[in-house]
Amino acid sequence: MCLLIRLVIKKLDRNWQAQLLRLSLPSEPGWRSAATSACKKAMEKSRPLWDNPLQFVFACISYAVGLGNVWRFPYLCQMYGGGKWVQKCVVHVHALSPQLGPGQRGVSPSIPTGVASVVVSFFLSMYYNVINAWAFWYLFHSFQDPLPWATCPLNSNRTGYEEECEKTSSTQYFWYRQTLNISPSLEASGSVQWEQALCLTLAWLVVYLCILRGTASTGKVVYVTASLPYCVLIIYLIRGLTLHGAVNGLVYMFTPKVQKTLLNPKAWISAATQIFFSLGLGFGSLIAFASYNEPSNNCQRHAIIVSLINSTTSIFASIVTFSIYGFKATFNYESCINKVILLLLNAFDLEEGSLTADNLNEMKDYLMATYPQEFAQLAPQIKNCSLEAELDTAVQGTGLAFIVYSEAIKNMEVPQLYSVLYFFMLLMLGIGSMLGNTAAILTPLTDSRAIASRFPKEVISGVVCFVNCIIGLIFTMEAGNYWFDIFNDYAATLSLLLIVLVETIAVCYIYGIRRFEKDLYTMIGRKPNWYWKIMWAFVSPLLIISLFIFYITDYILTGTLQYQAWDATQVRGLGLHFFSVLDLPYFLKRLKRERVATVA
């Protein structure tokens, strides 16, 4: 009881403090109930709360289950094998409780995460909402019949197809030329694409309307953004499992690649990055969400629920993705086989039906031995068709979301229906994640008396959205996709590792694991067992330190992803890493001062 009173007093101004002291120490026998009632009323006035614990869980799920579950997790399963990848994702579940506990404890999100988390969340919001703009663009075009990416457009003379489209594919042409109108290099920045700029403005307007009234509006929106994607995934699962070649994709997914997994530092680095991005560790969003909880909320149970749902969703989305990916790979493989068969039939005047997919290799050997000169001239046009090669083609991010899925959708029956469902699902996942990103920025601002006393919450939210939208116009330029890749690869990878490491050490060693244990006992009514304390105090820091060393070593030796379009990306990337962690020393000093003040 004293702990709750002290927390409330710390949050109130002087007038409320005086009133609370008068109410909390009356001479009547029922002073405890009066103090409890006063604390609760004061707390409600100082900070809005979720209507019920379910809203908090849905908000965490909506934030944690995002685009990374749909396009990054399947890509990593493809790279390192699904069997071993699932095991490594479970290792980092224990890092979620130290995120929810401090926020629910009453600590302001600006204290444990520092400006570093706010800067990372700001960087993420700048480019992340561009994905929602692209989803809007594709959603609007999904109502056309036929779909605009189903076939290549005609050239200016209308005598054939566009040469650039014929060299690639209709889906790639629609993405790179008609959507991005991409420039040949980063230096050729080009102009702002007004269609994408309008979609980005619409995306930020939707986000602003969702966060306009704080938890009162966000708490209602998360019911839709958290549940509707599962409905779409179930529809896609039923459709995907019935597609021709879906089994090939599922077999490929669940076949582990042990040599590429256990002994490869990049696999562990990718696993940690995926968990940090997926669960939102280090951004401050979960702490911000938890700060709107009742103090008695069981944050430990919710941490387990959110972690399990997030991991399960990743596996579930991977099954959906690989069933569709298997269909696409099988479709491309069979198309390649049919083109080779047609080529050989016409070149050697063979009877129709004499060449099939089963006897193709034997017939190629026979033709090469019988007609060596003719076959040698035709050899450059004969492709080596391989289903394994099609499945090995690793695609992640925007390539998977907007090219691979579009390629598969255009070959389905009623493609408009599946296109609308898919891009609406992407939109819900993106908006759900943006609610958490903006909460990590807005909560420290609205908690600041200097800002909140001068401006209402609606104005603060509007300014943050407007500034992000203006800066985000960079990503709608012709070179915007290059900048998107830079921010996506460099803005938060190293920063998140360092921020989560500092948070874990601060909670377990500076603040103290025993004091954190007592806080959990105050909130949930029981102390965590030895397993959780060992994981928090020893296992998690050691794992994060090891991953940090692996990342630095790999970064120095090989560097991160290199882009053909420009040079010196590592300089820009290191700048983003450095800028986002500048506030960590300041954070440690603040935490020490908070500890001294609390003890006093």
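Just so you know, these numbers come straight off a predicted model, no measurement behind them. Within each chain, residues carry numbers counting from 1 in the order of the written sequence. Where local features are concerned, this predicted model is filtered to residues with pLDDT of at least 70; where side-chain atom pairs are given and counted, the filter is 80 or more; whole-chain, interface and lining totals use all residues. Only hydrogens and water are set aside when side-chain values are computed; all heavy atoms of the structure are taken into account.

A look at the nonpolar core
Generally speaking, a soluble globular protein has its nonpolar side chains buried in company with each other. What counts is decided by this rule: By nonpolar core we mean a set of buried residues, namely Ala, Val, Leu, Ile, Met, Phe, Trp, Tyr and Cys, connected to one another through side-chain atoms within 4.5 Å. Throughout, exposure labels follow a simple rule: accessible area from a 1.4 Å probe, protein chains only, divided by the maximum for the residue type, with under 20% read as buried, over 50% as exposed, and the rest as partly exposed. Throughout, a residue-residue contact means that at least one pair of heavy atoms, one from each residue, lies within 4.5 Å.
Core analysis: the largest hydrophobic core is formed by 118 residues, its most contacted members being Y236, F402 and Y422. Once you skip the residues sitting within four places of it in the chain, Y236 turns out to touch V320, I324, I409, M412, Y418, S419, L421 and Y422. I341, L355, L367 and F375 belong to the second-largest nonpolar core, a separate cluster that totals 13 residues.

Considering the pattern of salt bridges
Using the following cut-off: The term salt bridge refers to a pairing of a side-chain nitrogen on Lys or Arg with a carboxyl oxygen on Asp or Glu at a separation within 4 Å. Comment: elements are numbered from the N terminus, with helices defined as DSSP H or I runs of at least four residues and strands as E runs of at least two.
With the rule as written, the count across this model stands at five salt bridges. As a salt-bridge pair, E164 and R177 come within 3.1 Å of each other at their nearest N and O atoms. Of the two residues, E164 sits in helix α9 (residues 163-167) while R177 sits in helix α10 (residues 170-179), which places them 13 residues apart along the sequence. Residue class for E164 comes out partly exposed when judged on its relative accessible area of 39%. A salt bridge links E517 to K533; the nearest nitrogen and oxygen atoms lie 3.4 Å apart. With E517 in helix α27 (residues 513-524) and K533 in helix α28 (residues 530-557), this residue pair connects regions lying 16 residues apart in the sequence.

Considerations on helix α26 (residues 493-510)
As a reminder of what qualifies: The span one expects for a helix is its residue count, reduced by one, times 1.5 Å.
Taking 1.5 Å per residue as the helical rise, α26 with its 18 residues ought to reach 26 Å, and the 25 Å between its terminal C-alpha atoms agrees with that figure. Burial runs high along α26: 15 of the 18 residues are buried. Once α26 finishes, G512 follows within two positions and takes phi at roughly 110 degrees, a positive value.

Observations concerning the packing of aromatic side chains
For the record, the criterion: Each aromatic pair joins two rings of Phe, Tyr and Trp (for Trp, the six-membered one) with centres within 6.5 Å, and gets the label stacked for planes under 30 degrees apart, edge-to-face for over 60, and tilted for any other angle.
Tallied over the entire structure, the rule returns 35 aromatic pairs. Look at F123 and F487: their rings are 5.9 Å apart centre to centre, the planes differ by 80 degrees, and that puts the pair in the edge-to-face class. Here F487 lies in helix α25 (residues 480-490) and F123 lies in helix α8 (residues 114-141), a separation of 364 residues in the sequence. Each member of the pair, F123 as well as F487, is classed as buried. Their ring planes at 85 degrees and their centres at 5.0 Å tell us that W134 and W175 sit as a pair that is edge-to-face.

Some words on the confidence of the model for the protein
Cut-off, in case you're wondering: pLDDT expresses, on a scale from 0 to 100, how confident the predictor is about each individual residue.
Summing up the model confidence of the protein, the mean pLDDT is 77 and the portion of residues at 70 or higher is 76%. The element-level mean pLDDT for the protein is lowest in helix α1 (residues 2-11), coming to 34, with helix α11 (residues 194-211) highest at 96. A low-confidence stretch, residues 1-45 stays under pLDDT 50, and its non-local contacts, those more than four residues away or across chains, total 41 contacts. The model gives residues 560-600 a pLDDT under 50, and that stretch makes 82 contacts with residues more than four places away or in other chains.

What about the packing of helix α17 (residues 299-348) against helix α18 (residues 360-370)?
Spelled out, the test is: Helix axes are fitted to C-alpha atoms over the stretch in contact, other axes to C-alpha atoms as well, and angles between N-to-C directions run from 0 to 180 degrees. Throughout, a crossing is termed right-handed when the near helix is turned clockwise from the far one, and left-handed when it is turned anticlockwise from it by less than a right angle. Polar here means any residue other than Ala, Val, Leu, Ile, Met, Phe, Trp, Tyr, Cys and Pro, which are nonpolar, and Asp, Glu, Lys and Arg, which are charged; Gly is therefore polar.
α18 packs onto α17 with a crossing angle of 30 degrees between their chain directions and a minimal axis gap of 12 Å. Between α17 and α18 lies a crossing whose hand is left-handed. Counted together, I337, V340, I341, L344 and F348 of α17 and L360, K364 and L367 of α18 form the full contact between these two elements. Classifying every residue of the contact of α17 with α18 gives seven nonpolar, no polar and one charged.

With respect to the UniProt feature "binding site: Na(+)" (unreviewed entry) in the protein
The criterion, for reference: UniProt positions are given in the numbering used here, feature names are shortened, and annotations may be inferred rather than shown by experiment. Counted as a polar contact is a pair of N or O atoms within 3.5 Å, where, for protein atoms, one must be capable of donating a hydrogen and the other of accepting one, and residues adjacent in sequence contribute only when both atoms are in side chains.
Under the UniProt annotation, "binding site: Na(+)" (unreviewed entry) lies at A64, V65, N69, S278, N310, L429 and S433. The largest pairwise C-alpha distance within this set of annotated residues, which runs over 370 residues, is 12.9 Å, so the set is compact in three dimensions. Its place among the elements puts V65 in the loop between α4 (53-64) and α5 (67-80). Residue class for V65 comes out buried when judged on its relative accessible area of 7%. Here V65 is in contact with Y230, S278, N310, T313 and L429, once residues within four sequence places are set aside. Checked against the element boundaries, N69 lands in helix α5. On the accessibility criterion, N69 (1% relative accessible area) is buried. Beyond its immediate sequence surroundings of up to four residues, N69 is in contact with A64, P74, Q274, S278, N310, S314 and A317. Of the polar contacts made by the side chain of N69, one reaches the backbone nitrogen of G66; its length is 2.9 Å.

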